[in-house]
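Residue-level structure breakdown
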Amino acid sequence: SGRVRSSPQPFDPLASTASFRIHLRWLPDADGRFTKVNGQLLEEGGKQRVTVRVDGRSLVMDGPAWIARATRSDQFLAVDRHPDIHFASEPFDPQLLRNGGKLRGQLSLRGMERPAAFSLLPTTCARPGVDCDIHVLGSVSRRQFGMTGDRLVVKDGVDLDFRVRLVAPGKR
């Protein structure tokens, strides 16, 4: 097919993080993180794509136990029924990793797939992901993914923060 493909660069699972913040109406915001984050950066035909897979069961919440229970529940992330959280980007120009900008793709959460756009922050290193983090920020609407529980306590927007390191070429 004439397309140039390089081998995928996998995420370094020990150096990559996915965290989020839930905004509560009358209490301080609640922070959480996922301890199992995998993915890869693919190059094809001069463009790049990223896929991210997070194990929802690896969720760790800061704060009181009720927040952890509520976040894992069927009304929120439903991690027992839908443990797989997945993002697949649209192809993008490799300069996006250096210059920053919108990273668009499909987000799958709670068994539902929706378009999503995240902000890729600019990097200052020669090899983004190897010499420095690839840092992505964004926000998703709970309502778009069917998380309608606790609306009196929890606001709709959930802020996401991904920091990704790649396995350096030759270190597989």
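This section reports on the structure supplied with the text. Computed from a prediction, not measured in an experiment: that's the story for all the values here.

1. Points about the state of the cysteines
- Applying the stated criterion across every chain yields a total of 1 disulfide.
- Between the sulfur of Cys-125 and that of Cys-132 lies a disulfide, 2.0 Å long from S to S. Taking the sign of the S-S torsion, about -60° here, the bridge from Cys-125 to Cys-132 comes out left-handed.

2. Observations regarding the pattern of salt bridges
- For the structure shown, the criterion picks out 9 salt bridges.
- The shortest N-O distance in the salt bridge between Asp-74 and Arg-81 comes to 3.3 Å.
- Of the residues examined, Asp-74 reaches a relative accessible area of 38% and is grouped as partly exposed.
- When its relative accessible area of 52% is taken as the criterion, Arg-81 is described as exposed.
- With a shortest N-O distance of 3.9 Å, Asp-161 and Arg-163 are connected by a salt bridge.
- Salt bridges linked by common partners bring Asp-133, Asp-161, Arg-163 and Arg-165 together as one network.

3. Overview of the packing of aromatic side chains
- Scanning all chains against the criterion turns up 3 aromatic pairs.
- Ring geometry for Phe-87 versus Phe-118: centroids 5.1 Å apart, planes at 80°, classification edge-to-face. Separated by 31 residues along the polypeptide, Phe-87 in strand β7 (residues 84–89) and Phe-118 in strand β9 (residues 112–120) bring together distant segments of the chain.
- On the basis of relative accessible area, Phe-118 is assigned to the buried category, the value being 2%.
- Arranged with centres 6.3 Å apart and planes meeting at 75°, the rings of Phe-118 and Phe-162 form a pair that is edge-to-face. Separated by 44 residues along the polypeptide, Phe-118 in strand β9 and Phe-162 in strand β11 (residues 154–164) bring together distant segments of the chain.

Reading the values: rules and limits
- Residues numbered from 1 in each chain as written.
- Predicted model: local features only at pLDDT ≥ 70, side-chain atom pairs only at ≥ 80, totals over all residues.
- Heavy atoms only, no water.
- Disulfide = S-S within 2.5 Å.
- Salt bridge = Lys/Arg side-chain N within 4 Å of Asp/Glu carboxyl O.
- Buried < 20%, exposed > 50% of the residue type's maximum accessible area, 1.4 Å probe, protein only.
- Phe/Tyr/Trp six-rings, centres within 6.5 Å; stacked < 30°, edge-to-face > 60°.
- Helix = DSSP H or I, 4+ residues; strand = E, 2+ residues; numbered from the N terminus.

Read these as geometric descriptors, not functional statements.
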